[in-house]
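Notes for the structure review
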Amino acid sequence: MYIFSLALSTFLLAISLPIFLVFAIGSSVAAIWGLNLPWSTLIQISFQALAKHVLIAVPLFIFAGMAMLRGGAASRLVSFATALVGHWPGGLGIAMVIAMGFFAAFCGSILAAITAIGTIMMPKMVEQGYPTPFVVVLAASAALLEALIPPSNAAILFSALTYVPVSKTFAAGVIPGMILLVLMVLLVLFKCRHIKTDKKASFKERISSFVSALPALITPVIILGGIYAGFLTPSESAAVAGVYAVAIGFLIYKELTISSLLSCLKETAIITAVIFSIIATATF
């Protein structure tokens, strides 16, 4: 029965069935027919997996990232990173990696990072002569910084499953995340050293881009400072990040509208449903 369950799961994965259904169907076959467990047990296990308080932070951080994207914070981060390193060999690639690192520090969602930074940087890089396959792979790889640099939804899920405090999981990802970022920068420097670069930004342009990006840059201070100072739980810090993202989108950058806010909520609901479905069925 277990061999059949494994074979069934492999087949379902091969035909590109959504991963949560692969978990659910394969594990259910083994649990019900192999272990004679009732359906109610599986339902209870799934519910308990989603009833952990720390998981509240997941949709809140996703919403904060989407609000930063729609509110104009992401474009300011890209402009600031480009002003800093755009004239280096492979400058646009390095700028994308650095912008992903910045975005990782207040979002936690890989999909949001690719959407926010990748959609801005990738067309520019292709236009400047970067190989399209390299651009795509670099964007996907740089987005993995979201899984390491806190706040990270991956770290929150790990804490929910292992009962390790979120603050410790966040702290454990900082150094690996920075090492990965540096290694990516070095790789781009080497592989893209022959690609033409942008004109070096003036000191005034750098200061201007920094001031414009400053409201977004202080978001990690609010999130992580609140957690490690003991003022906020991870869920509370995620809520504060969401409110702050909406505030700067409406009041400072003035690019967030009621319509785009509703889009943020819809996208957050869709992404959260996907993540939570996988969590629920993975516990089978």
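Because the structure is predicted, anything quoted here is derived from the model rather than measured.

Further remarks concern the overall build of the protein chain. Counting secondary structure elements, the protein chain contains 14 helices and zero strands. Taken from the N to the C terminus, the helices and strands of the protein chain come in the order α-α-α-α-α-α-α-α-α-α-α-α-α-α. Here the C-alpha atoms of the protein chain give a radius of gyration of 21 Å, agreeing with the 19 Å that 2.2 N^0.38 yields for 284 residues. Overall, the C-alpha framework of the protein chain stretches about 70 × 45 × 35 Å when taken along its three principal axes. In the protein chain, the proportion of contacts linking residues at least 24 apart, taken out of those at least 6 apart, comes to 77%. For the protein chain, the computed accessible surface area is about 13900 Å², with 75% contributed by carbon and sulfur atoms.

Met68, Met96, Val97, Met100, Phe103, Ile117 and Ile156 are the most contacted members of the largest nonpolar core, which totals 77 residues. Once residues lying within four places of it in the same chain are set aside, the contact partners of Ile117 are Ala74, Val78, Met96, Ala99, Met100 and Phe103.

Helix α13 (residues 234-252) packs onto helix α4 (residues 57-71) with a crossing angle of 15 degrees between their chain directions and a minimal axis gap of 8 Å. It follows from the interaxial angle that α4 and α13 lie roughly parallel. Relative to α13, the crossing made by α4 is left-handed. Packed against α4, whose contacting residues are Ala57, Leu60, Phe61, Phe63, Ala64, Ala67, Met68 and Gly71, the element α13 presents Pro234, Ser235, Ser237, Ala238, Ala239, Ala241, Gly242, Tyr244, Ala245, Val246, Ile248 and Gly249 at the interface. A breakdown of the residues in the contact of α4 with α13 according to their chemical character gives 15 nonpolar, five polar and no charged.

As for its placement among the helices and strands, Ser237 is situated in helix α13. Apart from residues lying up to four places away in sequence, Ser237 is in contact with Phe61, Ile223, Ile227 and Leu232.

So, on to the packing of aromatic side chains. The tally for this structure, following the rule as stated, stands at two aromatic pairs. Relative to Phe102, the ring of Phe80 lies with its centre 6.1 Å away and its plane at 25 degrees, an arrangement referred to as stacked. Taken as a pair, Phe80 in helix α5 (residues 73-85) and Phe102 in helix α6 (residues 91-104) lie far apart in primary sequence, 22 residues in all. Taking relative accessible area as the criterion, Phe80 reaches 9% and is therefore assigned buried.

Once that is clear, we can look at a nonpolar patch on the surface. A grouping of Val174, Ile175, Met178, Ile179, Val182, Leu183 and Leu186 is seen on the molecular surface, where their side chains present a nonpolar patch of about 650 Å² in accessible area. Within the secondary structure layout, Ile179 lies in helix α10 (residues 166-191).

On the secondary structure map, Ser235 appears in helix α13. Ser235 sits 164 residues away from Gly71 along the chain, and the two C-alpha atoms are 22 Å apart. Sequence-distant contacts of Ser235, that is, excluding residues within four places in its chain, are made with His53, Val54, Ile56, Ala57 and Leu60. A polar contact of 3.4 Å, which involves the side chain of Ser235, links it to the backbone oxygen of His53.

Its location among the elements puts Arg76 in helix α5. Side chain to side chain, Arg76 and Glu255 meet in a polar contact 2.5 Å long.

As a further point, take the packing of helix α3 (residues 39-50) against helix α14 (residues 258-282). Relative orientation of the contacting elements α3 and α14 amounts to 130 degrees, with a least axis distance of 8 Å. As summarised for this structure, α3 and α14 are arranged oblique, according to the angle between their axes. Read as a crossing pair, α3 and α14 show a hand that is right-handed. Taken together, the residues of α14 that come into contact with α3 (itself represented by Ser46, Ala49 and Leu50) are Phe276, Ile279 and Ala280. In terms of residue class, the contact of α3 with α14 is built from five nonpolar, one polar and no charged.

Cut-offs applied
Within any chain, residue numbers begin from 1 and follow the written order of that chain's sequence. Whole-chain, interface and lining totals are the exception, using all residues; otherwise, since this is a predicted model, local features are given only for residues with pLDDT of at least 70 and side-chain atom pairs are given and counted only at 80 or more. The basis for every side-chain value is the complete set of non-hydrogen atoms in the structure, without hydrogens or water. Only DSSP runs of H or I reaching four residues or more are called helices, and only runs of E reaching two or more are called strands; each is numbered from the N terminus. Each radius of gyration reported is based on C-alpha atoms, and the globular scaling rule is 2.2 Å times the count of residues to the power 0.38. We call two residues in contact whenever any of their non-hydrogen atoms come within 4.5 Å of each other. Surface accessibility follows the Shrake-Rupley procedure with a 1.4 Å probe radius. Residue values consider only the protein chains on display as shielding. Nonpolar core, defined: a set of buried Ala, Val, Leu, Ile, Met, Phe, Trp, Tyr and Cys residues in which side-chain atoms within 4.5 Å join the residues together. Burial classification: accessible surface area is computed with a 1.4 Å probe over protein chains only, and a residue below 20% of its type maximum counts as buried, one above 50% as exposed, and the rest as partly exposed. All axes here are fitted lines through C-alpha atoms, helices being fitted over the stretch that makes contact, and every angle between N-to-C directions spans 0 to 180 degrees. By definition in this entry, angles of less than 35 degrees are roughly parallel, angles greater than 145 are roughly antiparallel, angles of 65 to 115 are roughly perpendicular, and the rest are oblique. Each helix crossing is assigned a hand: it is left-handed if the near helix lies turned anticlockwise from the far helix by less than a right angle, otherwise right-handed if that turn is clockwise. Under the scheme applied, nonpolar residues are Ala, Val, Leu, Ile, Met, Phe, Trp, Tyr, Cys and Pro; charged residues are Asp, Glu, Lys and Arg; polar residues are all the others, including Gly. To pair, rings of Phe, Tyr and Trp, with the six-membered ring standing in for Trp, must have centres within 6.5 Å; the planes then decide the type, stacked if under 30 degrees apart, edge-to-face if over 60, and tilted in the middle. What makes a patch is a set of residues exposed beyond 30% relative accessible area and free of salt bridges, joined within 9 Å when like-charged and within 5 Å when nonpolar (Val, Leu, Ile, Met, Phe, Trp, Tyr). Salt bridge, as used here, is a side-chain nitrogen of Lys or Arg placed within 4 Å of a carboxyl oxygen of Asp or Glu. N or O atoms closer than or at 3.5 Å make up a polar contact, with two conditions inside protein: a donor-capable atom paired with an acceptor-capable one, and, for residues adjacent in sequence, both atoms drawn from side chains.

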